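# Understanding the architecture of this molecule
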Amino acid sequence: MEPKTLPHNHGNISKSEQIIARITNTENFQTVAEYFKQLSDGNRLRIFLLLCHCEECVINISALMNMSSPAVSHHLKQLKAIGLIISHREGKEMYYKASDTPEVQLLHKAIEKMMQITCPDEINE
Ligand SMILES: [Zn+2]
């Protein structure tokens, strides 16, 4: 990318140039935007945070969330499609949990911090 000459100089040009050099990869931004897009629903956010702490089947998630299983299944499908959660089958039952990635760890902690929720994992340690 060609260095940009800004129309106005407010004395902070070098900082603007530094950040623009780091945000040229629009593809990476699309990936992060997709995470936020999928988490832009309160119920989906709650399901995601639940699955950051335990592995559960659709029926139990529905009971815990007070939601219908088709509604929960829809949210799980969306979260799984972008890799925020994973699933595995055991017999007839399908179990879901949050993916073990640095991105998921970050989102998990960020949501708890914003919601001022104490992580149960930290209490149990
Ligand atoms: Zn937690």
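To be clear, the structure that these remarks concern was listed above.
Here's a quick rundown of the structure.

Rules of the game
- Residues numbered from 1 in each chain as written.
- Predicted model: local features only at pLDDT ≥ 70, side-chain atom pairs only at ≥ 80, totals over all residues.
- Heavy atoms only, no water.
- Salt bridge = Lys/Arg side-chain N within 4 Å of Asp/Glu carboxyl O.
- Helix = DSSP H or I, 4+ residues; strand = E, 2+ residues; numbered from the N terminus.
- Buried < 20%, exposed > 50% of the residue type's maximum accessible area, 1.4 Å probe, protein only.
- Contact = heavy atoms within 4.5 Å.
- Donors = N, O, S within 2.8 Å, 3.2 Å for Na, K, Ca; no water.
- Polar contact = N/O pair within 3.5 Å; in protein donor to acceptor, adjacent residues only side chain to side chain.

Attention shifts here to the pattern of salt bridges. Close approach of charged atoms allows side chains with opposite charge to pair. Inspection of the entire model under this criterion finds two salt bridges. With its nearest N and O atoms 3.1 Å apart, the salt bridge here joins Lys109 to Glu122. One end of the pair, Lys109, is in helix H6 (residues 102-115); the other, Glu122, is in helix H7 (residues 120-124), and 13 residues separate them in sequence. By relative accessible area, which is 32% here, Lys109 ends up partly exposed. On the basis of relative accessible area, Glu122 is assigned to the partly exposed category, the value being 46%. Sharing partners across several salt bridges, the network here consists of Lys109, Glu112 and Glu122.

This part covers the side chain of His108. Position of His108 among the secondary structure elements: in helix H6. What makes His108 buried here is its relative accessible area of 3%. Beyond its immediate stretch of four places on either side in the chain, His108 contacts Phe48, Leu49, Cys52, His53, Cys119 and Asp121.

Another point: the coordination of the zinc ion. Around the zinc ion, the donor atoms from the protein are His53 (NE2), His108 (NE2), Glu112 (OE), Glu112 (OE) and Cys119 (SG), and they sit 1.9 to 2.8 Å away. Mapping the donors of the zinc ion onto the primary sequence gives the spacing H-x54-H-x3-E-x6-C. A residue pair is termed long-range when its members are at least 10 positions apart, and His53 in the loop between helix H3 (42-51) and strand S1 (56-57) and His108 in helix H6 qualify at 55 residues. On the basis of relative accessible area, His53 is assigned to the partly exposed category, the value being 26%.

This next bit is on unusual backbone geometry. One non-glycine residue with positive phi stands out, namely Asn66, at about 60 degrees. Considering the arrangement of structural elements, one finds Asn66 in the loop between helix H4 (58-65) and helix H5 (69-81).

Another point: the environment of Glu56. Locating Glu56 in the fold gives a position in strand S1. For the pair Glu56 and Lys37, spaced 19 residues apart in the sequence, the C-alpha separation amounts to 23 Å. The residues touching Glu56, leaving out its near neighbours within four places in the chain, are Leu51, Ile61, Leu64, Met94, Tyr95 and Tyr96. At 2.8 Å, the side chain of Glu56 forms a polar contact with the side chain of Asn60.

The values are spatial; any link to function lies outside them.
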